[in-house]
Amino acid sequence: MQKITKEVYLKWYEDMLFWRKFEDKLAAVYIQQKVRGFLHLYNGQEAVLAGALHAMDLTKDKMITAYRNHVQPIGMGVDPKRVMAELYGKATGTSQGLGGSMHIFSKEHRFYGGHGIVGGQIPLGAGIAFGDKYHGSDAVTLCCFGDGAARQGSLHETFNLAMLWNLPVVFVCENNGYAMGTSVERTANHGEIWKLGLGYEMPSGPVDGMNPVKVAEAFDEAIQRARKGGGPTFLELKTYRYRGHSMSDAQKYRTKDEVEEYRKIDPITQVKDVILEKGYASEEDIKAIDKRVKERVSECEKFAEESPFPEKNVMYDAVYEQKDYPFIPHKL
Amino acid sequence: MKTIQFREAIAEAMSEEMRRDESIYLMGEEVAEYNGAYKASKGMLDEFGPKRVIDTPIAELGFAGIAIGSTMTGNRPIVEYMTFNFSLVGIDQIINNAAKIRQMSGGQFKCPIVFRGPTASAGQLAATHSQAFENWFANTPGLKVIVPSNPYDAKGLLKSAIRDDDPVIFMESEQMYGDKGEVPEGEYTLPIGVAEIKREGKDVTIVSFGKIIKEAYKAADQLEKEGISCEIIDLRTVRPMDRKAIVESVKKTNRLVVLEEAWPFGNVATEITYLVQSEAFDYLDAPVVKLNTADTPAPYSPVLLEEWLPNSNDVIKAVKKVMYK
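Values in this document were obtained by computation on a predicted structure and should not be read as measured data.

## As for the sheet that holds strand E7 (residues 168-172) of chain B
All names here are of chain B.
- Spatially, 7 strands are ordered E3-E2-E4-E5-E7-E6-E12 in an open sheet, and the strand pairing comes out mixed. Looking at strand neighbours, the two that pair on one side only are strand E3 (53-55) and strand E12 (237-239), the edges of this open sheet. Taking each pair of neighbouring strands and ignoring which way they run, the sheet shows an average axis angle of 20°.
- Note: strand E2 (residues 24-28) against E3, 3 bridges, orientation parallel. What sits directly across from Met27, in E3, is Ile54.

Have a look at this one:
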C-alpha cells in the first residue's frame, strides 16, 4: 500500500467533503422534487470508501455495492456530473436515465453497480472475482453490502462458494447500525457480524469504519491476500449514517444524542484535525478546498439541470443485445 | 444424419460450443463427476476438466449469482438446474440480475448466460417437482425462453442459446432425455424465435411446445383417420414468440387449439389466445380452446395425475369442439 502522506490526507479531505456535499445537494434537490424515487445517502460512511480506494489498485480492481451507491463510482473515477444526471433521469446519466439512484454502473471504471435487492449483489461480486480468476487476472473485487444484507441467505451461499473456489474477493459489510429502521441487535442473537465469516474459515475481522487509515490498512491486507491467491476476506466496517435509511425515514428508532455522538468521530473532521495538527494545510487552505468543493457540486447540478431527458427508444434499446425489440407492440 | 438421444444432443451442443469458445463453462449440481443428474453432460468433465465443468453444492441462488456476475467479466456460462423447480430458490438472481443488468446499466453490461434443465412433470413426482414456469420467465423483459421438443431442435437451439448475447432460459424434460432423433453429422444451429410447422394441415391449428406436443401428434394421427386434418405448430421458442407463424396458420385453418403443460391462469396459451383474437378475429370460426393442467398442484396418485395432465384424448375432444363435431 502507498504511504499515507500529506497528499493522501488532503485528497481524502477533498474527496470525502465532495461526496458529503454532493449528497447534501441530492437531498436538497430531492426535496425540490427534481430527483425522485428512493434516495439512500452515504453521509457518515465516507471513511470506508476513502480507505478502500487507497488500498485498491484502481487500474484493475473492481467494486460492487448495494443501493447506497452514489459516491463509490465517483471515487472510482466516474464523472460526478454523470452521476447527478442519472438521478435527474437525464440522457447524460451513467445509465442514460434508466437506472436512477439505486443503479449506478460504470463498466469503464470497473464499478459494477448499484443493486436494489438487499444481498442480491453478493453472489454477483463473487462472480466477478470468479471471472477474473478464470481469465487469469490478478484483479480483486470489493463486494460491499450493508448490515441488513448480512442476514440474507445469499451471503451464506456466496461465502461458502467463494471459500470453496478460493475467489479473489473482499466481502465488505458496512455496518451502519441499522437495516432501515431495525438495529443490528434486533436482527440476530449477537451483533458481531464479522464472526459470520468464521464458520467458513474465512479470514474475518472488525474494522473502525470512521477512520480511513484503519480502513486502508485492513483493506490492504485483505486485497493483497486475495491478489496473491489467498482467497476471500470478510471485513465488518463499523460505521454510521447520519441521515435516514432513505429520504422518507423519520428516524424514530434512534435518538438525536446517538447521532451527535457519532458526529464527534466524523470521518471528515478526523481527517481535517490531522491535517491541521500536522500542519499539512492552513485554515486558509482548507477554506479554499471547501470553496472548490462547493463549486464542483454546483457544476454537477447545473450539468444535470441542463441535460436533456432521454429519447423514448432508449427504454427498448437497453433491454436486449438483440435489436428488433420490443417483441410486443406497446401503445396504439 | 445420425440418431442420438435428447441428452446426447444437449451434451453435443454444449461440448461443440465449449470447444469453440474458451469463455464458456458449465456449472451446476452433479454436472461434472456424476456426468449430470440425467447424464446430459456425460464425458464433459473428462474433456474440459474441472475449471470448465464445475460441480456446485446445493446452492441454486449462490451459483446462479456467481455465474451471472462472471458474465460481467467476459464469461458465457451455462448453468444447469437439476430441474427448474429448484430455480425458484435462485429466481431472484435470474429476474433481478440476469434479466436487468443490461437495462439498469444503460446497455453497458450484457449478460450472455444460459440456464438450462428440465421443466414440467416427469411421472409421479407430485407437487413440488412437476411445475412448469415457462410463463413466469417469458413474462420477464430481458429473458429469452426456449423449450424444444426433440433432439434436433434441442441441439440446434441450445447452440444458438449459448451464442446469444442475452440471457436464455432453456427448458428440457426428464421424460425427453431418452427420446431418440436424427441430427446432422456436421455443425448446425437453429434460429431463436422461429416456430416450426411440425405437421401441415388444413382444418385446425394446434399450437404447443415441449414434451406435451407429443400428445398433439397422437391426437392428430387419430383425427386423420377420422378425416380431420390438423396443423401442428411447435413454438420451440416461447419468448420471443413467433406470432406471425401462429396468426398465419389460424388465418388458413380458422380454428385454434393451444396445448400447454402449465397451470391455466395467465399462461403462454392465454397470451396466444389474446394474440389470435386481436390479429385474426375475423378469421376465427370458433372460440379458441386451450388445454392445460388442472388448476391444482400436481397430485401424486397415478389416477389423479392422469386426470391432472392434458392428454391426446383431450386434444381430440378440443379439436372436435372447435369443429363443432
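After presenting the structure, the write-up continues.
## Considerations on the packing of aromatic side chains
- If you walk through the whole model with that rule in mind, you get 29 aromatic pairs over all chains.
- An angle of 40° between the planes, with centres 5.7 Å apart, marks the rings of Phe18 of chain A and Phe22 of chain A as tilted. Placement of the pair is Phe18 of chain A and Phe22 of chain A together in helix H1 (residues 6-31), with a separation of 4 residues, close to one helical turn.
- Considering the side-chain rings of Tyr152 of chain B and Tyr188 of chain B, the 4.8 Å spacing of their centres and the 5° angle between planes classify their relative orientation as stacked. Of the two residues, Tyr152 of chain B sits in helix H7 (residues 151-163) while Tyr188 of chain B sits in the loop between strand E8 (180-183) and strand E9 (196-199), which places them 36 residues apart along the sequence.
- By relative accessible area, Tyr188 of chain B is classed as buried at 10%.
- Lying over the aromatic face of Tyr134 of chain A, Lys51 of chain B brings its terminal NZ or CZ to 4.4 Å of the ring centre.

## Re helix H5 (residues 121-134) of chain A
Residues and elements named next belong to chain A.
- When the terminal C-alpha atoms of H5 are compared, their 20 Å separation across 14 residues agrees well with the 20 Å that a helix rising 1.5 Å per residue should span.
- The buried fraction of H5 amounts to 13 of the 14 residues, a majority that puts the element mostly inside the structure.
- After H5 finishes, the residue Gly136 shows a positive phi value of roughly 80°.

## Remarks on the environment of Gly148 of chain A
Residues and elements named next belong to chain A.
- Note on placement: Gly148 falls in the loop between strand E3 (141-146) and helix H6 (153-164).
- Relative accessible area serves as the criterion here: at 22%, Gly148 is assigned to the partly exposed category.
- Setting aside chain neighbours within four positions, we find Gly148 in contact with Val118 and Ala179.

## Here we look at the domain arrangement of chain B
Residues and elements named next belong to chain B.
- Domain annotation for chain B reports domain 1 (2-183) and domain 2 (196-322).
- Domain 1 puts 31 residues into the contact, and the matching count from domain 2 is 30 residues.
- Per-residue buried area on domain 1 facing domain 2 is highest for Gln124, Asn135 and Val147; these three make up 24% of the total on that side.
- The interface formed by domain 1 and domain 2 holds 3 salt bridges in total.

## Some words on the interface of chain A and chain B
- Listed per partner, the contact involves 43 residues of chain A and 50 residues of chain B.
- Of the roughly 3,700 Å² buried between chain A and chain B on both sides combined, carbon and sulfur atoms contribute 62%.
- When the buried surface of chain A facing chain B is broken down by residue, Tyr134, Tyr320 and Glu321 of chain A rank first, second and third, together holding 19% of it.
- Taken together, the links from chain A to chain B amount to 1 salt bridge.
- In this structure, the salt-bridge partner of Glu321 of chain A is Arg102 of chain B, at a minimum N-O distance of 2.8 Å.
- If you look at where chain A meets chain B, you find 29 residue pairs in polar contact (both at pLDDT 80 or more).
- If you list the elements that add at least two residues to the side of chain A that touches chain B, you get strand E2 (111-114), H5 and H6 of chain A.
- Ranked by the residues each element gives to the side of chain A that touches chain B, the list is headed by H5 of chain A, at 9 residues.
- By residue class, the composition of the side of chain A that touches chain B is 21 nonpolar, 15 polar and 7 charged.

Cut-offs used in this document
- Residues numbered from 1 in each chain as written.
- Chains lettered and ligands numbered in written order.
- Predicted model: local features only at pLDDT ≥ 70, side-chain atom pairs only at ≥ 80, totals over all residues.
- Heavy atoms only, no water.
- Pairing = 2+ DSSP bridges.
- Helix = DSSP H or I, 4+ residues; strand = E, 2+ residues; numbered from the N terminus.
- Axes fitted to C-alpha atoms, helices over the stretch in contact; angles between N-to-C directions.
- Phe/Tyr/Trp six-rings, centres within 6.5 Å; stacked < 30°, edge-to-face > 60°.
- Buried < 20%, exposed > 50% of the residue type's maximum accessible area, 1.4 Å probe, protein only.
- Lys NZ or Arg CZ within 6 Å of the ring centre and 35° of its normal.
- Expected span 1.5 Å × (residues − 1).
- Contact = heavy atoms within 4.5 Å.
- Domains from an automatic or database assignment.
- Buried area = accessible area lost by both parts, 1.4 Å probe.
- Salt bridge = Lys/Arg side-chain N within 4 Å of Asp/Glu carboxyl O.
- Polar contact = N/O pair within 3.5 Å; in protein donor to acceptor, adjacent residues only side chain to side chain.
- Nonpolar A, V, L, I, M, F, W, Y, C, P; charged D, E, K, R; others polar.

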